[in-house]
Amino acid sequence: MRKKIQKLLLAQGLLILLIPTLPVSSQTEQRVCPYVDEPPSQTTRVARLDRLGVEVTIPSNYRTMLRQDGSVEILDPATFTLFECMSRGGIGQGGGYYSQSIALEPRDQSMSFREQAIWSVGSSIDSSGHHLPIVRSIQSYKWHGYSGYIVLSQSGYSATLMVQMPSDEQVLTMAVGCDCEVELEDVISLSESVKPIAR
């Protein structure tokens, strides 16, 4: 009986050792989504974003994607393919991506327009539990005759241009972000590719 138990334990031990080397069922395999960089095409196209009241000129091989919050993200081909793969259950490889987005948001009447622009790049919480803006710099900026502010976050990983729209009830936000340093020139470059739709 003792030998039988020893043989059974030995068999179980061998099975446990072999499990990692056994082939995994294709049903449980998850595809790793590749990120294959592709340069922007030399030609451009105009994407009309009626909900936001603007149009944006982008490289012909770039896409626009409507997000759940109503903002629109501009995606390079590699990022678009990555997101498409992940939406079908694939696994994204580590690392972030360079983001460009445009949004129309309500004007927060509880604060000045400048303060709202400052808060647009996020906040941190101090030891007392108070939210503090994480802004490195802010400067006024004119976009197609509309007044706005360009704000760079403290980390340098995001920059926003917030523009006061004529109705005084909405603001247009153009933002860039990355897990790398961004510059004010990055958001200025984005803003130069965006213009209001003539009504």
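By convention here, each chain's residues receive numbers from 1 onward along its written sequence. A pLDDT threshold of at least 70 governs which residues receive local features in this predicted model, and a stricter bar of 80 or more applies before side-chain atom pairs are shown or counted, although totals over entire chains, interfaces and linings include all residues. Water and hydrogen atoms play no part in the side-chain values, which are based on all heavy atoms of the structure.

(A) How the structure looks around the state of the cysteines. In what follows, a disulfide is any cysteine sulfur pair within 2.5 Å. Using the criterion set out here, one finds two disulfides in the structure. Note on cysteine connectivity: Cys178 is disulfide-linked to Cys180, with sulfurs 1.9 Å apart. Because the sign of the S-S torsion sets the handedness, a value of about 105° for the bond joining Cys178 and Cys180 places this disulfide among the right-handed ones. Look at Cys180 and you get partly exposed, because its relative accessible area is 32%. With its disulfide-bonded cysteines labelled consecutively along the sequence, the protein chain is connected as 1-2, 3-4. We call a residue buried when its accessible area falls under 20% of the maximum for its residue type, exposed when it is over 50%, and partly exposed in between, using a 1.4 Å probe and counting protein chains only.

(B) Seen up close, the sheet that holds strand S14 (residues 194–196). Taken in spatial order, the three strands make up an open sheet running S2-S3-S14, and their pairing is antiparallel. Every interior strand has two partners, whereas the edge strands, strand S2 (44–49) and S14, have only one. Taken over all neighbouring pairs, the strand axes of this sheet differ in orientation by 25° on average, direction set aside. Two strands are counted as paired when DSSP detects at least two bridges linking them. Only DSSP runs of H or I with at least four residues qualify as helices, and only runs of E with at least two residues qualify as strands; both kinds are numbered from the N terminus onward. For strand S3 (residues 54–59) and S14, the ladder comprises three bridges, and the chain directions are antiparallel. Counted as the bridge partner of Val56 is Val194 from S14. Axis geometry follows a simple rule: fit a line to the C-alpha atoms, using only the stretch in contact for helices, then measure angles between N-to-C directions, giving values from 0 to 180 degrees.

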